[in-house]
Amino acid sequence: MGPTADGKSIHDLHLSSVDGSGSNMLADRHGKVTMVVNVTGECGNSMQYPMLQVLEYDYADYDFKILCVPTNDYCEYGYGDFKDNSTSTAEQAHDYAYYNYRVRMDFSELVVSRCEHEDEEPKTPHPLYVRLGVGTKDDSHPIRGNFEKWVVSKDGTNRARFTNGSLLPANLESGYDDYSPQEALRRIRAAIEYYLSE
């Protein structure tokens with residue numbers, strides 16, 4: 001847990017909705033605890049969607065929402081329509097989550113979350129990820145893949161980070177946790193409840 005990279009609120013940044021309505025999904029969350037999750041469609045980490053939906057249901061009456069932010073930056077291990085990162089869209093990621101997992105969480109537009117990967121051309125990450133403390137060339141703790149998670153305080157200036165595989169079943173390996181999925185869930189709930197109490 002700690003402040004955002006520059007100490008400023010994520011609510012000051014603009015992030016559009018997947019539906020193209022033009023609403024600012026970050027500003028709309030001022031006063032709510034938000035979990036930001038970088039997502040894609042069909043990948044090994046997608047099995048976390050049901051647990052994420054349970055978290056949103058469990059805290060729905062306490063000003064908590066999950067915001068799924070689609071990206072193509074980690075699709076080298078994707079399947080089906082999501083294997084070729086030049087063709088997948090935010091709409092496809094949303095529809096995949098809805099039709100396969102009945103997810104009803106909010107989805108944003110498609111964004112870039114990292115500046116480059118191995119031999120790729122340099123990219124400009126969305127300012128959200130820079131403010132969350134990742135996505136820059138000097139990033140010593142880069143995003144490891146889809147489903148990295150940040151629980152963000154009501155004022156948008158503090159965050160707790162959780163790995164991309166933290167809610168996967170114990171027999172699957174992803175991310176870099178050295179504790180069980182049950183312990184990861186306990187820590188995520190503790191972060192949500194801490195920020196809700198502020």
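See the structure above.
Residues numbered from 1 in each chain as written. Predicted model: local features only at pLDDT ≥ 70, side-chain atom pairs only at ≥ 80, totals over all residues. Heavy atoms only, no water.

Engineer: Sorry if this is basic, but what is going on with the pairing of strand E3 (residues 64-70) here?
Structural biologist: Note on strand geometry: in a regular strand, side chains alternate between the two faces of the sheet. Counting buried residues along E3, 6 of its 7 residues qualify, which places the element largely inside the surrounding structure. For strand E2 (residues 33-39) and E3, the ladder comprises 7 bridges, and the chain directions are parallel. Each residue of the ladder has a partner; that of Met35, found in E3, is Ile66. In this fold, the crossover linking E2 to E3 by way of helix H1 (residues 49-58) has right-handed handedness. As judged from the 2 bridges shared by E3 and strand E4 (residues 106-107), these two strands associate in the parallel manner. Counted as the bridge partner of Leu67 is Asp106 from E4. (Buried < 20%, exposed > 50% of the residue type's maximum accessible area, 1.4 Å probe, protein only. Helix = DSSP H or I, 4+ residues; strand = E, 2+ residues; numbered from the N terminus. Pairing = 2+ DSSP bridges. Right-handed = clockwise from strand over helix to strand, strands pointing away.)

Engineer: What am I meant to see in the nonpolar core here?
Structural biologist: Membership of the largest hydrophobic core comes to 30 residues, with the highest contact counts inside it found for Met35, Tyr49, Leu55, Ile66, Phe107 and Ile192. Looking at this core, the elements with two or more residues in it are E2, H1, E3, helix H2 (90-101), strand E6 (158-162) and helix H4 (181-197). Looking at this core, the element that brings in the most residues is H4, giving 6 residues. Core analysis: the second largest hydrophobic core is formed by 17 residues, Leu13, Leu67, Tyr74 and Tyr129 among them. (Core = buried A, V, L, I, M, F, W, Y, C linked by side-chain atoms within 4.5 Å.)

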